[in-house]
Amino acid sequence: MADHDDEELRMALQMSLQPPPEAKRSKPREIANAVAGASTESSEASARRLQRELLAAAAEKRMLSVQKPISQTGSRNIHMQQVSGLAEAKERPVLAGKLPTPQVFRGKRIMDEEGQSLSVQQSEQLYNMVFGPQVTKDILSQWCNQGFRFSSESDTSMGLVQREGGPCGVLSAIQALVLKYLLFVREEGGGPSFNVLQHKLGSQDAIIADTFYFFAEHQKTRALVMAMAETLWLAGRKNRAVIATLNIHYPQPGYHVQDGRHDEMIARALEGLSINSASELQSVLRINTFTSSSALEQQLKAMLPMFQSRMGALLFLFSALLSRELEAVQADRDDPGPPLVTAPFGHASQEIVNLLLCGHAASNVFDDRMDLGDGLFLKGIPTNVEVGFLSLLESLNFCKVGQYLKHPRWPIWVVGSESHYTVLFALDTNVQKENELEDRESQIRKAFDVHDQSGGGGFISSDALHQLLRDMNIDMPRDKLESLCSADFVVWNEFWQVLMQLDNSLGGLKDSSGLNGRKQFELYHFNGIAKAVINNTQSTGEALEQRPRLTKLRVSVPPKWTPEEFMADVSSSHDSGPSGKDGSSELQGPSLLKDEPAQHAPLVDCIRTRWPRAVCNWVGDPPSIV
């Protein structure tokens with residue numbers, strides 16, 4: 001009898017330790033009914049099977065009551081092994097495509113390694129939000145044939161190349177952050193690395209080709225991954241991020257392929273793939289959500305080949321929108337109706353650029369929001385940004401770029417024209433600092449606003465003006481003071497005009513020496529779209545080739561003078577013709593460096609929205625923002 005019980009215990013123990021999912025034990029009556037209904041099983045065999053089930057159930061009950069400590073220990077060991085498997089699964093990179101079978105824990109998947117698919121409704125919402133219901137094949141082609149790839153040219157090796165129009169808004173925003181990590185943020189994290197860059201360049205005015213060539217491939221890869229991770233993490237409110245990928249088969253990390261074959265294998269996997277409709281998008285798009293920034297960076301690094309493929313820019317846009325959440329994106333916009341990719345040319349809207357720069361898909365570029373009354377608001381940029389934005393449209397008085405975008409943390413700006421986005425940047429963070437006169441003006445304006453009781457109307461009382469003059473040590477002549485105080489209030493614009501005519505020795509803003517307010521620095525402009533340029537070769541002579549462009553600009557910002565003086569200088573320049581009396585394009589006045597002829601291009605108008613009256617010059621062809 002004891003041997004029989006031991007045998008039953010062993011059988012029950014083996015059955016209890018079978019891998020999940022565990023089959024529930026049937027009740028005797030259920031077993032009998034099942035056996036009676038099985039026409040292919042003999043009555044004798046059915047009786048034996050029923051007896052085994054009953055014995056096993058009885059033995060398992062005795063085992064649980066007699067050897068409870070053993071059962072608890074065994075269960076704890078099994079649980080620890082499963083938890084260990086869970087930790088390993090979390091460490092492994094997750095890729096779409098042909099993947100290992102997901103681990104199972106008590107009948108549930110630990111991690112859906114192929115990612116989740118969107119519902120039909122979500123796919124339609126995402127697709128229509130981006131492209132609208134009537135997108136053309138040309139626009140789809142532009143967005144389905146652009147990845148994140150660095151230029152192969154030495155002078156633009158730090159830049160992302162654009163194949164054709166359309167996704168430039170996505171590429172330029174990521175390019176701006178790539179420059180942040182290449183130029184200013186060390187690889188181990190921390191403060192600016194400009195001193196290292198300056199040491200490499202030396203004191204000579206090096207050719208641009210010698211400026212950026214020394215960035216190694218791993219440095220550029222790291223900068224790209226960090227730029228994408230920062231953008232998605234910001235869009236997800238710094239607590240979550242979504243990575244969108246495609247359900248295709250392609251090489252996994254660590255899979256050995258010959259040099260140059262990795263891209264070819266991914267290209268083959270993408271052959272024939274299209275997203276001409278929301279249903280096609282739903283069938284191929286897969287998403288993974290991350291609540292850890294470090295895990296997000298690891299996953300982006302593992303999936304970088306996918307973002308370098310022809311679908312990369314579009315997948316990243318999907319990732320940013322899903323990280324923000326589609327409902328929040330629509331709430332960010334003033335008008336959620338039009339698609340984010342604008343017709344008829346398929347350009348990225350300002351909402352896309354703003355989402356990538358500040359994490360909000362705002363429709364405007366001014367600070368905060370504009371109150372229109374009756375509870376209506378226009379939404380702008382809500383906070384400070386890492387990299388900024390300048391617009392040609394501001395120079396044409398079509399919009400107003402706020403201080404958040406004009407004064408980013410790093411001296412890097414996306415530049416928007418009517419049809420294209422490019423990038424402007426400096427190597428020295430000091431270009432962001434105000435000069436002495438600008439700082440003085442800021443102090444006076446701040447003191448003026450303290451006394452402004454009009455709710456931002458821009459005027460103060462006469463008594464407040466006297467207090468302001470004492471606080472700011474301004475010695476204003478009696479006739480000027482009486483003129484300002486002739487009314488019961490003083491308007492800022494009139495006060496500012498008087499300060500501009502008052503010498504700085506008396507506390508005003510006029511610099512009679514012409515030296516205090518002058519700033520000189522260098523900017524670089526990068527246009528990633530491939531343009532036709534002349535390539536001189538000894539064998540073929542002049543030939544056209546497609547390549548992006550990097551232009552170095554020397555910028556001189558003169559000290560401030562009165563608007564009348566500025567307009568007089570501009571007028572005299574126009575009267576003398578585009579080249580001036582001596583054949584140069586130099587404006588006459590205290591604004592320019594000697595022997596540096598002023599040059600003009602639409603980019604200069606953008607620069608002047610950040611540095612009024614800036615004068616620029618460069619070598620070679622003018623920089624292009626289209």
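Higher on the page you've got the structure.
Predicted model, so just to flag it, every value in this text is computed and none were measured.

Caption draft 1: The overall build of the protein chain, seen in detail. Of the regular secondary structure elements, the protein chain holds 24 helices and 16 strands. Taken over 626 residues, the protein chain has a buried fraction of 44%. Of all intrachain contacts in the protein chain linking residues separated by at least 6 positions in sequence, the fraction that spans at least 24 positions is 66%. When the accessible surface of the protein chain is totalled, it reaches about 32800 Å², and 51% of it is carbon and sulfur.

Caption draft 2: Representation of the packing of helix α9 (residues 217-235) against helix α12 (residues 293-302) within the structure. Following both chains from N to C, one finds α9 and α12 inclined at 130°, their axes separated by 9 Å at the closest point. When the axis of α9 is compared with that of α12, the two are oblique. For the pair α9 and α12, the sense of crossing is right-handed. Contacts from Val 225, Met 226, Met 228, Ala 229, Leu 232 and Trp 233 in α9 reach Ser 293, Leu 296, Glu 297, Leu 300 and Lys 301 in α12. Residue composition of the contact of α9 with α12, by class: 8 nonpolar, 1 polar and 2 charged.

Caption draft 3: Fine view of the nonpolar core. Among the nonpolar cores identified, the biggest contains 99 residues, and Leu 126, Phe 131, Phe 148, Leu 246, Phe 318, Leu 321 and Phe 425 are the most heavily contacted of them. Here the element with the most residues in this core is helix α7 (residues 168-183); it accounts for 12 residues. Apart from residues lying up to four places away in sequence, Leu 126 is in contact with Leu 118, Leu 281, Leu 285, Phe 318, Leu 321, Leu 322 and Leu 326.

Caption draft 4: Up close: the pattern of salt bridges. Summed over all chains, the structure comprises 13 salt bridges. For Glu 325, the salt bridge identified is with Arg 240, shortest N-O distance 3.8 Å. Of this pair, Glu 325 sits in the loop between α14 (312-324) and α15 (326-332) while Arg 240 is found in the loop between α9 and β3 (241-246), placing the two residues 85 residues apart along the sequence. Residue Glu 325 is classed as partly exposed on the basis of its relative accessible area of 35%. The residue Glu 386 makes a salt bridge to Arg 409 at a minimum N-O spacing of 3.7 Å.

Caption draft 5: Local environment of empty space enclosed by the protein. This structure, assessed with the given rule, holds 2 cavities of 30 Å³ or more. The computed volume of the largest cavity comes to approximately 90 Å³. Around the largest cavity, the lining is made up of 13 residues, and of these Leu 160, Leu 171, Ser 172, Phe 526 and Gly 528 lie nearest the centre. Of all the secondary structure elements, the ones that give two or more residues to the lining of the largest cavity are α7, β11 (421-425) and β14 (519-537).

Thresholds, definitions, all that
- Residues numbered from 1 in each chain as written.
- Predicted model: local features only at pLDDT ≥ 70, side-chain atom pairs only at ≥ 80, totals over all residues.
- Heavy atoms only, no water.
- Helix = DSSP H or I, 4+ residues; strand = E, 2+ residues; numbered from the N terminus.
- Buried < 20%, exposed > 50% of the residue type's maximum accessible area, 1.4 Å probe, protein only.
- Contact = heavy atoms within 4.5 Å.
- Areas by Shrake-Rupley, 256 points an atom, 1.4 Å probe, with all protein chains shown as cover.
- Axes fitted to C-alpha atoms, helices over the stretch in contact; angles between N-to-C directions.
- Parallel < 35°, antiparallel > 145°, perpendicular 65-115°, else oblique.
- Left-handed = near helix turned anticlockwise from the far one by under 90°.
- Nonpolar A, V, L, I, M, F, W, Y, C, P; charged D, E, K, R; others polar.
- Core = buried A, V, L, I, M, F, W, Y, C linked by side-chain atoms within 4.5 Å.
- Salt bridge = Lys/Arg side-chain N within 4 Å of Asp/Glu carboxyl O.
- 1 Å grid on protein atoms, 1.4 Å probe; cavity = no way out; pocket = protein on both sides within 12 Å on 5 of 7 lines; lining within 4 Å.
- Points joined across faces, edges and corners; volume = space filled by probe spheres on them.

Any functional reading would require information beyond the geometric quantities listed.
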